[in-house]
Amino acid sequence: VVLAYIYCNKHDYAHALPLLEAVISNGHYSLVVSNTLEFVNNSECIFGFLMDTKSGEACYPCLDYKDVLLTAAECQYYLGNTAKAENYLNQLCSAKSFLSKDGSDVLGTIASFRYKLQLVNQLGFVRRNSLGVSSLGLKENELYQLLWPIPQNEVDFNPNMTQNPGY
């Protein structure tokens, strides 16, 4: 999954898609039918951290099956397979009653679902699809905020490293 995300961030969807589809087809993970947004250790959690909170134990997901489906839908969209992309979106709609597709804008629906599901990899999706202005409300001169600043001690330690633009 991590390698697939790297390929997506390089806009190499043809190499990312088989990796994601291998995870989808292996049967280890599946969607849980739910009408609420929950982060628990279940069949949707590929990798996460269990944390004790005031309300009990919670799972902080790092890799999530919902994210895999949405990233596969994004790959299918960019590879021209809109019907397959919509199939992934329909799977999510069937399992998560609070999700619904609005019209035929596949990429817009993926963005909407990612926002509603509060997925960890949302910023990567926004960055690689140039949605900083439309989905985050950034101004053109604020788009540098889509990259994190590199800690100054790392820049000082490595003379070959340069700070991300804008910081």
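Quick caveat: nothing in here was measured; it's all calculated off a predicted structure. (Residues numbered from 1 in each chain as written. Predicted model: local features only at pLDDT ≥ 70, side-chain atom pairs only at ≥ 80, totals over all residues. Heavy atoms only, no water.)

*Asks:* For the overall build of the protein, give the residues involved together with the corresponding values.
*Replies:* Broken down by element type, the protein carries eight helices and two strands. Counting helices and strands in the order they occur from the N terminus, the protein gives α-α-β-β-α-α-α-α-α-α. Counting only C-alpha atoms, the protein reaches 50 × 45 × 30 Å along its principal axes. Here the protein holds 167 residues, and 34% of them are scored as buried. Restricting to contacts in the protein with at least 6 residues of sequence separation, those with at least 24 account for 42%. Here the protein displays about 9600 Å² of accessible surface, and carbon together with sulfur accounts for 55% of that area. (Helix = DSSP H or I, 4+ residues; strand = E, 2+ residues; numbered from the N terminus. Buried < 20%, exposed > 50% of the residue type's maximum accessible area, 1.4 Å probe, protein only. Contact = heavy atoms within 4.5 Å. Areas by Shrake-Rupley, 256 points an atom, 1.4 Å probe, with all protein chains shown as cover.)

*Asks:* Mind laying out helix H5 (residues 106-117), listing which residues take part and the relevant values?
*Replies:* Because the α-helix completes a turn every 3.6 residues, residues three or four places apart line up on one side. Taking 1.5 Å of rise per residue, twelve residues should cover 16 Å, and H5 covers 16 Å from first to last C-alpha, within 8% of that figure. Of the positions making up H5, those classed as buried are Val106, Leu107, Thr109, Ile110, Ala111, Phe113, Arg114 and Leu117. Looking at where H5 begins, the residue whose side-chain oxygen comes 3.0 Å from the main-chain nitrogen of Gly108 is Asp105. The positive-phi residue at the C-terminal boundary of H5 is Gln118, with phi of around 55°. (Expected span 1.5 Å × (residues − 1). Polar contact = N/O pair within 3.5 Å; in protein donor to acceptor, adjacent residues only side chain to side chain.)

*Asks:* Describe the pattern of salt bridges, with residues and values.
*Replies:* Counted according to the given criterion, the structure contains six salt bridges. In this structure, Lys96 engages Glu44 in a salt bridge whose closest nitrogen and oxygen atoms are separated by 2.7 Å. Taken together, the residues Lys96 in the loop between helix H4 (82-95) and H5 and Glu44 in the loop between helix H2 (13-25) and strand E1 (45-53) connect sequence positions 52 residues apart. Using a relative accessible area of 2% as the deciding quantity, one classes Glu44 as buried. When salt bridges with common partners are traced through the structure, they connect Glu44, Asp64, Lys66 and Lys96 into a single cluster. (Salt bridge = Lys/Arg side-chain N within 4 Å of Asp/Glu carboxyl O.)

*Asks:* Break down the packing of aromatic side chains for me, with residues and values.
*Replies:* With the rule as written, the count across this model stands at three aromatic pairs. Ring centres 4.7 Å apart and planes at 15° place the aromatic pair Tyr13 and Tyr78 in the stacked group. Taken together, the positions of Tyr13 in helix H2 and Tyr78 in helix H3 (residues 65-78) put the pair 65 residues apart, joining distant regions of the chain. Overall, the relative accessible area of 5% leaves Tyr13 in the buried class. (Phe/Tyr/Trp six-rings, centres within 6.5 Å; stacked < 30°, edge-to-face > 60°.)

*Asks:* A description of H4 should follow, citing residues and the corresponding values.
*Replies:* For H4, which comprises 14 residues, the first-to-last C-alpha distance of 20 Å matches the rise-based estimate of 20 Å (1.5 Å per residue) to within 8%. Those residues of H4 that fall on the buried side of the exposure criterion are Ala85, Tyr88, Leu89, Leu92 and Ala95. Taken down its axis, H4 places every buried residue within 130° of arc, on the same side. Turned more than 90 degrees away from the buried face of H4 sit Ala83 and Ser94, all of them exposed. (Arc of directions from axis to C-beta.)

Function cannot be inferred from these measures alone, as they are strictly geometric.
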